[in-house]
Amino acid sequence: MGGKTAVDIPEGKNLVGAFHQPAAFIADVSFNATLPARQRRAALGEVVKMAVLGDERLLELVEEEGAAFARGDSRPIESGAVAEMVERCVWAKVEVVTADAREANLRMILNLGHTIGHGIEAAAGYKAILHGEAVAYGLRGAFAIARALGITTADRAQRVNTLLDRLGLAVARPQVSLDSVGQHMATDKKHSFGRLSWVLPTETGVVIRSDVPPEAVAQGLAAALRMAEAGVR
Ligand SMILES: [Zn+2]
């Protein structure tokens, strides 16, 4: 979706690719019922990300129906809640990609949670941790950085972290080392003038910052890797 067609190479994900806009998007949400529980849960990592970009209704939907969907309850599929979640995610992406044609790099906001997320995924060798799971870790990290910089509120951060807890996402310490994640982040492609550009949550949406000090990044990584909870210093 979003026109990006890319492949993963050993140096990282999506590094080789092309852009081609789709003419239509068709989703059969009943297909979700056939997915393993872990895949359904992981998919919600990206849904939470889309909600945090600024869709309050989507955030409420995931708060109300996400846990049941992750459990494999058919009710959110039958009620249309999952269809609405998918539709809202697709439209949000279409809006970003369309606006991106006018305002260069707007699509970068879709990278929320992905800077640390890709680092964790790469550190885990793209096997042990699913993409959506990695994004959930990255979201926790992005909120910790945003808190350190004072650009989001404690309430907003707590709301999203509580939601991730309830969805069972990014709850345990991932089996990756801090150094390895940091190294993979440094080789991630989203750089501007040698510094990482971060998509960080505000109270209602996101901002892009390329002036995040190393101490704030360290706090974000520690939060993403659940180091305090694991008693690691
Ligand atoms: Zn993603």
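Our structure's up above, just so we're on the same page.
To keep things clear, this report deals only with the structure shown in the data block. On a predicted model such as this, the values are computed, not experimentally measured, just so you know.

Two packed helices can be described by the angle between their axes and the distance between those axes. At a minimum axis separation of 10 Å, helix 6 (residues 131-149) and helix 7 (residues 154-167) run at an interaxial angle of 165 degrees. Relative to helix 7, the element helix 6 is oriented roughly antiparallel. Considering only the axes of helix 6 and helix 7, their crossing is left-handed. Taken together, the residues of helix 7 that come into contact with helix 6 (itself represented by A136, L139, R140, F143 and R147) are A154, A157, V160, N161 and L164. Residues of the contact of helix 6 with helix 7, tallied by class, amount to 7 nonpolar, 1 polar and 2 charged.

As defined by bridge partners, strand 5 (residues 198-201) adjoins strand 6 (residues 206-209) across 4 bridges and the pair is classed as antiparallel. What sits directly across from W198, in strand 6, is R209.

With that out of the way, let us pick up the nonpolar core. One finds V47, V48, V62, L139 and L164 to be the most contacted residues of the largest nonpolar core, which totals 53 residues. Top element by residues in this core is helix 6. It accounts for 10 residues. Aside from chain neighbours lying at most four places away, what touches V47 is V62, M85 and C89.

The next subject is helix 8 (residues 178-186). Within the sequence span of helix 8, burial applies to V181, H184 and M185. On an axial view of helix 8, the arc spanned by its buried residues comes to 105 degrees, and they lie on one face. Of the residues in helix 8, the exposed ones pointing more than 90 degrees away from the buried face are D179 and A186. Against the buried residues of helix 8 lie helix 5 (114-123), strand 4 (195-196) and helix 9 (214-224).

Before going further, it helps to examine the pairing of strand 5. Along strand 5, one buried face is formed by W198 and L200 and the opposite face, lined by V199 and P201, is buried too. Linking strand 5 back to strand 6 in an antiparallel pair, the connection comprises 4 residues.

What counts and how
- Residues numbered from 1 in each chain as written.
- Predicted model: local features only at pLDDT ≥ 70, side-chain atom pairs only at ≥ 80, totals over all residues.
- Axes fitted to C-alpha atoms, helices over the stretch in contact; angles between N-to-C directions.
- Helix = DSSP H or I, 4+ residues; strand = E, 2+ residues; numbered from the N terminus.
- Parallel < 35°, antiparallel > 145°, perpendicular 65-115°, else oblique.
- Left-handed = near helix turned anticlockwise from the far one by under 90°.
- Contact = placed C-beta atoms within 7 Å.
- Nonpolar A, V, L, I, M, F, W, Y, C, P; charged D, E, K, R; others polar.
- Pairing = 2+ DSSP bridges.
- Core = buried A, V, L, I, M, F, W, Y, C linked by C-beta atoms within 7 Å.
- Buried ≥ 20, exposed ≤ 12 C-beta atoms within 10 Å, placed from the backbone.
- Arc of directions from axis to C-beta.

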